[in-house]
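Chain by chain, the residues run as shown.
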2 protein chains.
Amino acid sequence: MSEKTPPPPGYMPQTVETLGAYLAAVQPLRARLGGDPAAWRIEEVGDGNLNLVFKVYGEKEGVAVKQALPYVRLVGEAWPLPLSRAHYEHMALSEQARLSPGLTPEIFHYDENQALIVMELLEPHIIMRRGMIGAREYPRFAEAISTFMANSLYFTSDLALTAEKKKAMIAAFAGNTALCKITEDLIFTDPYRIAKLNRWTSPELDTYAAQWREDGDLKVAVSQLKLKFLSQAQAMLHGDLHTGSVMLTETDTRVIDPEFAFIGPMGFDTGAIIANFLLSYFSQDGHEESPGARDAYREWILATTEDIWTLFDRKFRANWIAQPTGDAYPPDLFQGALGAARLAAERNSYMQTLWHDTVGFAAAKMIRRILGLAHNIDLDWIKDQKLRATCEARALLLARDMMVNPQNYPAPAALTQAARRMRGVTPQLNS
Amino acid sequence: MSEKTPPPPGYMPQTVETLGAYLAAVQPLRARLGGDPAAWRIEEVGDGNLNLVFKVYGEKEGVAVKQALPYVRLVGEAWPLPLSRAHYEHMALSEQARLSPGLTPEIFHYDENQALIVMELLEPHIIMRRGMIGAREYPRFAEAISTFMANSLYFTSDLALTAEKKKAMIAAFAGNTALCKITEDLIFTDPYRIAKLNRWTSPELDTYAAQWREDGDLKVAVSQLKLKFLSQAQAMLHGDLHTGSVMLTETDTRVIDPEFAFIGPMGFDTGAIIANFLLSYFSQDGHEESPGARDAYREWILATTEDIWTLFDRKFRANWIAQPTGDAYPPDLFQGALGAARLAAERNSYMQTLWHDTVGFAAAKMIRRILGLAHNIDLDWIKDQKLRATCEARALLLARDMMVNPQNYPAPAALTQAARRMRGVTPQLNS
């Protein structure tokens, strides 16, 4: 947790009462919303853990307003968190919008002093996690998220950027330490030790939780991942790319909330989305109306998991081939047919390493959602505690093997096949 | 090469005529030098490639003065280079002095606007490279340089620093891009392609130079090292740690000139010193009075090469054990005898990876000194061109295998043994 720094002079958290006047004073916003500001309908809808979020409906259009609070909303003032996260979110969102047009909400207004971003109101989009709990298929999602990741990761890496631009970007995000620290603690550390903030389905998972804290192989593996997170400045990450950071319809996908952005290891983003697909997969037993009712949906999840990687891999390579504009792998050194063959082989090796990282980071993200502070509603909403623990234990067991034995998962199909097998396992629960 | 930016207002390159008045105006320097400033003796002694360097002798004491020029001194105004390098040098020097007391020159004065550092005059120290050309043994060097590296690398890594401090340090050095770019181009790129600045002993090494530019394995390997240099933010590097950046006597060692400092892969520093020892080893045939006359000195070089790594390895681990204060490998996760054993095994693995990196970066540094722009006087001073080319070709051949097959060198003894064997090889020279 970061130290408390006083908010800047003039900073005021908005309320449904004050926000109308604030927006009305910004002429382009007033025009966009249209009509009499007094008639605007304003709702506070923040269901996340950190910020205030409002929906504002004018006569012509609506907008969404996100404002950072100087503390973690979920916990309160006892856990201060700097307002600067709005600055990093705005910077990342701008960069992502430039690199993947149409895959993020449009930004209408940014107020650094108020840590406030006004953006496109995404309707009728819903949070993807909720859609997946409702067994909704999103046939265009893999296409969209793979484009988002292939562009935002490739074009902010040393494969596309000069060292000078890359270092400027590293410096620009280096101050986002408080948000990185949340990840470092809650994902890479706390689930593997006794920590006040940990929680899990108890008593059912007590033995697993204890085993996870005593598992030397696992603790070495998660520490290696943490070291990578701390020291590998590979590309600009979204930093929190789970299915709660996606709003979508069947035809339109938007990635939101990049306030955890910084320059880190790519596998952390690709792993996040895959982890959340696997968690959703294991959670479906807790949501289906009758056993087997969601068999087809489960298969959609696994097929989409494979597609996400396959399409990402293809698009990332295509970017590399089309725009090798970075300082890494200088084209001068790989001229002619022989050079092209070498570089193609090197791309294979690069993508294999990235897949390996993806599997490891995915595992870390799965474990933290079951043994750490912040859980997913995919699992938390399963009311039958024993059933929930069964789903969670399967995810835990798969994640443990992914992290310790990533070589068991040379490709996405090996991972989805292992998930299917694991769903047949009956975990040993405490009672 | 970086773009030309005008020097700040008031910046004036010093001369032997102007420097006395400048120093006399700074009271502590005037007092340190002592006596009548008009009587101070001032010599310009810069034999490096980049900067002005003066020795100033007062009545009481002497000082050294280093001032950056807005261009590369060796080349002239056609190759601009930002004055900010003095800022990074001063920052790195301050940090190194704090971490390894007595192993850097003491700083007396820093003038950011003039890009000028006044520091301890190191006498009767000489540049280590010159001492080694003269076959001088430095029995305390391995002890000193291993301490310098173990401290400056360990205590600026994630093993010792919190993520917040580490990221602040990354940001503080992120602007030193022009100096990093010199390394990226001259070490990792140009020797492997046709580049105007390349030079080598010709025609003797023409075939080797052409082979090196066509060697796919080598170009992949050096590109992997370059990518590490671009993206692995492991610790604060000196950035140019060769035997020309060391001034010493038999009993006192000082590391100078850290203007290439930034947060990068540790093996780049450890590799630099080992590369320069190996180059010196191969060069001795060109300097010995009669064949075999320097056999004992050659063995001193190789024994010291091994000692440098062995002592560095021991001290780095000792730092890790004594002060595990960083965010990586949280002590909480490795409690008790089992935890300690795990962490010990992980330290082995970490040091093995670092040795592997060291071998690779050392190879890159050896090759650039023979096929790239900037050569070493160890080799350049060998007047017999064929003999020089023979020494150089042996270094090239060893370096090529080090870079492509680092697994052939599991420990320093394997490397020194390979150097001995390579000295028996008669290279194929053009004539």
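Residues numbered from 1 in each chain as written. Chains lettered and ligands numbered in written order. Predicted model: local features only at pLDDT ≥ 70, side-chain atom pairs only at ≥ 80, totals over all residues. Heavy atoms only, no water.

Draft legend 1. Spatial organisation of the sheet that holds strand β6 (residues 107-111) of chain A. Residue and element names in this part refer to chain A. Strands sit in the order β1-β2-β3-β7-β6 across an open sheet of 5 strands; the sheet is antiparallel. This sheet does not close on itself; its edge strands, each paired only once, are β1 (41-44) and β6. Across the sheet, the axes of successive neighbouring strands diverge by a mean angle of 20°, strand direction being ignored. (Pairing = 2+ DSSP bridges. Helix = DSSP H or I, 4+ residues; strand = E, 2+ residues; numbered from the N terminus. Axes fitted to C-alpha atoms, helices over the stretch in contact; angles between N-to-C directions.)

Draft legend 2. Inspection of the relation of the copies chain A and chain B at higher detail. For the match of chain A to chain B, the screw axis carries a shift of 0.0 Å, the RMSD comes to 0.0 Å, and the turn is 180°. Viewed as a symmetry operation, the transformation between the two copies matches a two-fold axis. Here 100% of the contact residues of chain A are again contact residues in chain B; the copies associate through an equivalent surface. (Least-squares fit on C-alpha atoms with pLDDT ≥ 70 in both. Contact = heavy atoms within 4.5 Å.)

Draft legend 3. Just the interface of chain A and chain B, in detail. Taken together, the 40 residues of chain A in the interface contact 40 residues of chain B. Of the roughly 3,500 Å² buried at the junction of chain A and chain B (both faces included), carbon and sulfur atoms supply 62%. Counting the surface chain A buries against chain B, the share from its top three residues, K167(A), L230(A) and L333(A), is 19%. Applying the counting rule to chain A against chain B returns 6 salt bridges. Between D332(B) and R193(A) there is a salt bridge whose closest N-O contact spans 2.8 Å. Where chain A meets chain B, there are 12 residue pairs in polar contact (both at pLDDT 80 or more). Elements supplying a minimum of two residues to the side of chain A that touches chain B: α6 (163-173), α7 (177-186), α9 (216-231) and α12 (336-371) of chain A. (Buried area = accessible area lost by both parts, 1.4 Å probe. Salt bridge = Lys/Arg side-chain N within 4 Å of Asp/Glu carboxyl O. Polar contact = N/O pair within 3.5 Å; in protein donor to acceptor, adjacent residues only side chain to side chain.)

Draft legend 4. Region of the structure containing the side chain of H242(A). All names here are of chain A. Within the element layout of this structure, H242 appears in the loop between β9 (235-237) and β10 (246-248). Relative accessible area serves as the criterion here: at 11%, H242 is assigned to the buried category. Within the structure, the side chain of H242 is placed 3.1 Å from the side chain of R129, a separation counted as a polar contact. Residue contacts for H242: discarding those within four places in its chain leaves R129, A272, I273, N276 and R369. (Buried < 20%, exposed > 50% of the residue type's maximum accessible area, 1.4 Å probe, protein only.)

Draft legend 5. Quick look at the pairing of strand β3 (residues 62-68) of chain B. Residue and element names in this part refer to chain B. By the criterion of burial, β3 is predominantly enclosed, with 7 of the 7 residues buried. By the bridge criterion, 7 bridges tie strand β2 (residues 51-57) to β3 in an arrangement that is antiparallel. Bridge pairing links V56 to V63 in β3. In this structure, the hairpin formed by β2 and β3 is closed by a connection of 4 residues. Pairing analysis gives 5 bridges linking β3 to strand β7 (residues 116-120), with the strands arranged antiparallel. When the bridges of β7 are listed, Q67 appears paired with L116.

Draft legend 6. The arrangement of the sheet that holds strand β1 (residues 41-44) of chain B in detail. Residues and elements named next belong to chain B. On the basis of which strands lie adjacent, the open sheet formed by 5 strands has the order β1-β2-β3-β7-β6 and antiparallel pairing. Edge positions in the sheet fall to β1 and β6 (107-111), since each has one partner strand and no second. Taking each pair of neighbouring strands and ignoring which way they run, the sheet shows an average axis angle of 20°.

Draft legend 7. Quick peek at the side chain of T249(B). All names here are of chain B. With respect to the helices, strands and loops of the structure, T249 is situated in the loop between β10 (246-248) and β11 (253-255). By relative accessible area, which is 15% here, T249 ends up buried. Within the structure, T249 has its side chain in polar contact with the backbone nitrogen of T251 (distance 3.1 Å). If we ignore the near neighbours within four places in the chain, the residues touching T249 are P124, H125 and Y138.

Draft legend 8. Broad picture of the domain arrangement of chain A. All names here are of chain A. Domain boundaries assigned for chain A yield domain 1 (19-120) and domain 2 (126-423). Here domain 1 and domain 2 have C-alpha centroids that lie 27 Å from each other. Across the contact, 23 residues belong to domain 1 and 31 residues belong to domain 2. Taken together, the two surfaces of domain 1 and domain 2 that pack against each other cover about 2,200 Å², and 66% of this comes from carbon and sulfur. Looking only at domain 1, the three residues that lose the most surface to domain 2 are Y88, Q96 and L103, adding up to 28% of its buried area. The interface formed by domain 1 and domain 2 holds 4 salt bridges in total. Taking the shortest distance from any N to any O, the salt bridge between E259 and K66 comes out at 2.8 Å. Inspection of the region where domain 1 meets domain 2 yields 8 residue pairs in polar contact (both at pLDDT 80 or more). Ranked by the residues each element gives to the side of domain 1 that touches domain 2, the list is headed by helix α3 (residues 85-99), at 9 residues. Of the residues that constitute the side of domain 1 that touches domain 2, the class distribution is 11 nonpolar, 5 polar and 7 charged. (Domains from an automatic or database assignment. Nonpolar A, V, L, I, M, F, W, Y, C, P; charged D, E, K, R; others polar.)

Draft legend 9. Up close: the packing of aromatic side chains. As enumerated under the stated definition, the model contains 42 aromatic pairs over all chains in all. Each ring, one from F312(A) and one from F316(A), has its centre 5.5 Å from the other, and the planes form 50°; the classification is tilted. Of this pair, F312(A) and F316(A) both sit in helix α11 (residues 295-322), 4 residues apart, which is roughly one turn of the helix. This pair shows no difference in class: F312(A) is buried, exactly as F316(A) is. Geometrically, the ring pair formed by Y297(B) and W300(B) is stacked, given 5.5 Å between the ring centres and 15° between the ring planes. Of this pair, Y297(B) and W300(B) both sit in helix α11 (residues 295-322), 3 residues apart, which is roughly one turn of the helix. Exposure class is identical for Y297(B) and W300(B). Each is buried. By way of ring pairs, the aromatic residues Y154(A), F155(A), W309(A), F312(A), F316(A), W320(A), Y329(A), F334(A), Y350(A) and W355(A) are connected into one cluster. One Lys or Arg, R32(A), reaches over the ring of F108(A) and ends 3.6 Å from the middle of that ring. (Phe/Tyr/Trp six-rings, centres within 6.5 Å; stacked < 30°, edge-to-face > 60°. Lys NZ or Arg CZ within 6 Å of the ring centre and 35° of its normal.)

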